[in-house]
Amino acid sequence: MVNHMSGKPIYMQIADELRDFIAAGRLAPGDRVPSTNELSHYHSVNPTTSAKALTSLFDEGLLEKRRGLGMFVLPTAREQVLSTRRAAFTADFLRPLLREADKLGISPAELSAMIDKERNR
């Protein structure tokens, strides 16, 4: 669901939600994605906003258009989404984590133990 109070544009929130569905397999290769009107109705937004979300996913190479049928998830979409997210994870989380660990004098073994402890919570 979109958050109208968020500073993030609504079309980006809708596109992110669809990317989440692709990554989780809820939208599998070959699946038809909701239409502009379906997304607009579900999120209570203007159809132009929904169209912009779908267009951004099409432009990223995650969806294909089938004339008269709608938009469908491409076979490579899930791996592409996961690959993009892995790269962002490294840049946004892993590198800052390692810099902070170095500043605090946390050894790689200590850091690994801390991560294992958190995973097992």
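If you look the protein chain up in an unreviewed UniProt entry, it shows as DNA-binding transcriptional regulator YhcF, GntR family from Corynebacterium timonense.

## Brief notes about the overall build of the protein chain
The helix and strand tally for the protein chain stands at 5 helices and 2 strands. Traced from its N-terminal end to its C-terminal end, the protein chain shows the element sequence α-α-α-β-β-α-α. In terms of overall size, the protein chain is more extended than a compact globule, its C-alpha atoms giving a radius of gyration of 19 Å where 121 residues would be expected to give roughly 14 Å. Dimensions of the protein chain along its principal axes, counting C-alpha atoms only, are 60 × 35 × 25 Å. Within the protein chain, the fraction of its 121 residues that count as buried is 26%. By sequence separation, contacts in the protein chain at least 24 residues apart represent 48% of the contacts at least 6 residues apart. By element, 56% of the accessible surface of the protein chain is carried by carbon and sulfur atoms, the whole surface being about 8,300 Å². Taking the average location of the 17 positive side-chain charges in the protein chain and that of its 15 negative ones, the two points are 3 Å from each other.

## Some words on the pattern of salt bridges
Tallied over the full model, the rule gives 8 salt bridges. Notably, a salt bridge pairs Lys8 with Asp16, separated by 2.3 Å at the nearest N-O pair. Using a relative accessible area of 35% as the deciding quantity, one classes Lys8 as partly exposed. Note that Glu118 and Arg121 form a salt bridge whose closest N and O atoms lie 3.5 Å from each other. Taking relative accessible area as the criterion, Arg121 reaches 75% and is therefore assigned exposed. Where salt bridges share partners, they join Lys8, Asp16, Arg19 and Glu60 into one cluster.

## Section: the UniProt feature "domain: HTH gntR-type" (unreviewed entry) in the protein chain
Under the feature "domain: HTH gntR-type" (unreviewed entry), the UniProt entry names residues 8–76. Overall, residues 8–76 shows 52% helix and 12% strand. The separation of its end C-alpha atoms is 27 Å.

Cut-offs used in this document
Residues numbered from 1 in each chain as written. Predicted model: local features only at pLDDT ≥ 70, side-chain atom pairs only at ≥ 80, totals over all residues. Heavy atoms only, no water. Helix = DSSP H or I, 4+ residues; strand = E, 2+ residues; numbered from the N terminus. Rg over C-alpha atoms; globule rule 2.2 N^0.38 Å. Buried < 20%, exposed > 50% of the residue type's maximum accessible area, 1.4 Å probe, protein only. Contact = heavy atoms within 4.5 Å. Areas by Shrake-Rupley, 256 points an atom, 1.4 Å probe, with all protein chains shown as cover. Lys, Arg positive; Asp, Glu negative; His and termini not counted. Charge placed at Lys NZ, Arg CZ, Asp CG, Glu CD. Salt bridge = Lys/Arg side-chain N within 4 Å of Asp/Glu carboxyl O. UniProt positions renumbered as here; feature names shortened; annotations may be inferred.

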